[in-house]
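What the coordinates show
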Amino acid sequence: MSRKPNPYDVGAFEMEVREYLSGGNDTDSRKPFLESGAAEQLPSISELNIEKLNEKAHERRGYSAAFLDGALLYGGSVIHQHMAVDDNIHEGIGKLAGEDFGSFADLSSKVETYEHTAWTGLSEGTLEKVSGHVGESIVAEHFNEAGVDVEWPEESNQEGWDLLLNGHPVNAKVIQDADQLSAHFSEHADIPAIVPADAENIPDDAVEFDPSEDTDELMEALASGQENLVIKDTELSHEEVTDQTENATDALLGDALGDGLAGGVPIVTLAVSGWREIDLHGEDKADWKSSAKNLSLDVAGTGGGAAAGGKGGALLGAALGGPPGAAAGAILGAVGGGIAGRMTSNHLKKKPLRDAAEKLESAQESLTEIARQEEKRCKKKFGEARKGNEKRLERAADEYSSEVEERTNLLREWRVEQAQISGEDAYERLGRALSEVRELQDHLKTKRDGAWHQLRRWLFPTAEALAVEQVISWTEETEQVLREQRNAVRSQKIVDRAELDELLGRYGLLRNEVLTEIAEIERERLEREIGLFEQVRKFREKMGKKRSKAMERLGDLLVRLRNEMREALKPKIEKVADCEAKVYEEADKLGVEL
């Protein structure tokens, strides 16, 4: 051996290893890179465009970093903001705006009109105002859960109070410090104030309200008329309300298109006229408004009729409810026209008919009232179930996001560790490189000092003989460089692995050791990244199953509520039918044709 070692490019080798490892997903079945023979197929250094390869390697590292950030970003931030847009956000902003928003898009469009910037979201004052109304909705929900009758004012700017609790006015204050209540009590000392549990300076005599416990003490305090009364809602948090409002409005400002689960599931009204209307609701063919109109036409007007009112009732019924409404409208018009036409001339004679009509009207009102109550009950149950599903999904998303974040951080830490080598290991590696140089140097000097080589050198010089002196000179220069580097790393705790490998590659030293280490690091990197990809895939799959299960539970609940409403309305519907028959019976007795 009379020539110096060939240099090798570490960056080019790393690229070849990555392309080899990316040939399949079964990393366990692959041979080490050097054993596979692939290393022998590397092009010579003279054939490689090193600058271009290094640029390509940098680009691919950028893709890996983008994936990690994307996966983490994907595991944490997106899921958390849209879950914040719940019923309390809808109701709070709805009360503030004096409107009923039926979808995410409508709500988003409204929030866009509030003072905000593209960088910071809602202004501080606007966020505080919206948070206050959202807090009122949460407080109302807490009292509803505790069995307290809650009423809202007709106007959103009602002076002095926000809610009526069993008829007692109260003001909900989502504030940080209870000392801020002084302004309220200076004008309305007789109206109690509800504050969050995390507010500062809450008075020692404040009444605590826990939605899961008895409210007798609270009701006594409200009834006592005590001035400057402070009520601490143990389940209300200023920080949580503000954070939820900020997250929700950020989501709304960022996407004003489309409806989703966060936009809410409408409760289809189940109050119907007879069995047919109930079945129509089960098929989602009728809402509460149209069903209420059909109920009024089918039931309230079936006590009697006259030819003059039949045509008008049929036309009105057709406009409101189609063919069934037309039939119901004809009966309503006939009853109204018949009774009104004969009331003056035959008042006493028709008293039984009037009494039957009044009973029919009373039965209709009773049916309407029980239908309204049933709708309210079913809507509350469905809303509570949906909120429970949303909370469970949010907790699951947070849990899975934490797992992805933890694994991502571990991968980042590992990559940082692999990019470094301890000063002690670097010192030893440079020592092995020195030994390799000295071994070559000793071999060449022995060859040079031999008699035959000296004779050829002076009498018959060849290129190889002359090259020996140049290589010996190269080994001496290389030895000096390695000594200096070795002395430099002796006092260092950490050394950049890439710089050390580049130095050894430049002089062609420790080729197998360096390239074997790079191949193993790249293999482990690929396995770790594939593991992270698989964890993200499982995260999406689990969340999809949970959402599907949640929708299945809501569907089962709708069927159960429909059946419960059917049973609750059945006796009232039968009562209306009996009253209607009585109206016809009394009309027949009078010779009145309906």
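Scroll up to find the structure.
I will try to describe carefully the structure that is included in this document. Quick caveat: nothing in here was measured; it's all calculated off a predicted structure. (Residues numbered from 1 in each chain as written. Predicted model: local features only at pLDDT ≥ 70, side-chain atom pairs only at ≥ 80, totals over all residues. Heavy atoms only, no water.)

Our focus in this paragraph is the layout of surface pockets. A volume near 860 Å³ is recorded for the second largest pocket. Glu128, Gly132, Glu136, Ala172 and Lys173 are the residues nearest the centre of the second largest pocket, which is lined by 35 residues in total. When residues of the lining of the second largest pocket are traced back to their parent elements, those giving at least two are α5 (124–145), β5 (168–172), α6 (182–187) and α8 (238–254). When grouped by side-chain class, the residues that make up the lining of the second largest pocket number 9 nonpolar, 15 polar and 11 charged. (1 Å grid on protein atoms, 1.4 Å probe; cavity = no way out; pocket = protein on both sides within 12 Å on 5 of 7 lines; lining within 4 Å. Points joined across faces, edges and corners; volume = space filled by probe spheres on them. Helix = DSSP H or I, 4+ residues; strand = E, 2+ residues; numbered from the N terminus. Nonpolar A, V, L, I, M, F, W, Y, C, P; charged D, E, K, R; others polar.)

What follows covers the packing of aromatic side chains. Evaluated as defined, the whole model comprises 3 aromatic pairs. Taking the centre distance of 4.0 Å and the plane angle of 0° together, the rings of phenylalanine 143 and phenylalanine 209 count as stacked. Here phenylalanine 143, found in helix α5, pairs with phenylalanine 209, found in strand β7 (residues 207–209); they are 66 residues apart in sequence, far enough to count as distant. On the basis of relative accessibility, which here comes to 0%, the residue phenylalanine 143 falls in the buried class. Judged by relative accessible area, phenylalanine 209 falls into the buried class, the value being 2%. Judged by centre distance (5.8 Å) and plane angle (80°), the rings of tyrosine 400 and phenylalanine 539 are edge-to-face. Of this pair, tyrosine 400 sits in helix α12 (residues 351–418) while phenylalanine 539 sits in helix α17 (residues 511–589); the two residues are 139 residues apart in sequence, bridging distant segments of the chain. According to the relative accessible area criterion, phenylalanine 539 is buried, its value standing at 5%. Here the guanidinium or amino end of arginine 486 rests over the ring plane of tyrosine 427, the centre of that ring lying 3.8 Å away. (Phe/Tyr/Trp six-rings, centres within 6.5 Å; stacked < 30°, edge-to-face > 60°. Buried < 20%, exposed > 50% of the residue type's maximum accessible area, 1.4 Å probe, protein only. Lys NZ or Arg CZ within 6 Å of the ring centre and 35° of its normal.)

A few words now on the pattern of salt bridges. Here the structure, examined in full by the defined rule, presents 24 salt bridges. Residue arginine 377 pairs with glutamate 374 through a salt bridge whose shortest N-O separation is 2.8 Å. Placement of the pair is arginine 377 and glutamate 374 together in helix α12, with a separation of 3 residues, close to one helical turn. Here arginine 497 makes a salt bridge to glutamate 517, at a shortest N to O gap of 2.9 Å. Here glutamate 517 lies in helix α17 and arginine 497 lies in helix α16 (residues 497–507), a separation of 20 residues in the sequence. Residue classification places arginine 497 among the buried residues on the basis of a relative accessible area of 12%. What makes glutamate 517 partly exposed here is its relative accessible area of 22%. Among the ionic contacts, a cluster of salt bridges with common partners joins Arg429, Arg432, Arg497, Asp501, Glu513 and Glu517. (Salt bridge = Lys/Arg side-chain N within 4 Å of Asp/Glu carboxyl O.)

What follows deals with helix α7 (residues 216–224). Regarding α7, the residues found buried are Leu218, Met219, Ala221 and Leu222. Here the buried residues of α7 occupy an arc of 160° about the axis, which is enough to place them on one side. For α7, the exposed residues set more than 90 degrees away from the buried face come down to Glu217, Glu220 and Ala223. Looking at the packing, one finds that the buried side of α7 touches α5, β4 (163–165), β5, β7 and β8 (230–233). Residue glycine 225 follows α7 closely and has a positive phi angle near 75°. (Arc of directions from axis to C-beta. Contact = heavy atoms within 4.5 Å.)

Everything listed is a geometric property; what it means functionally is a separate question.
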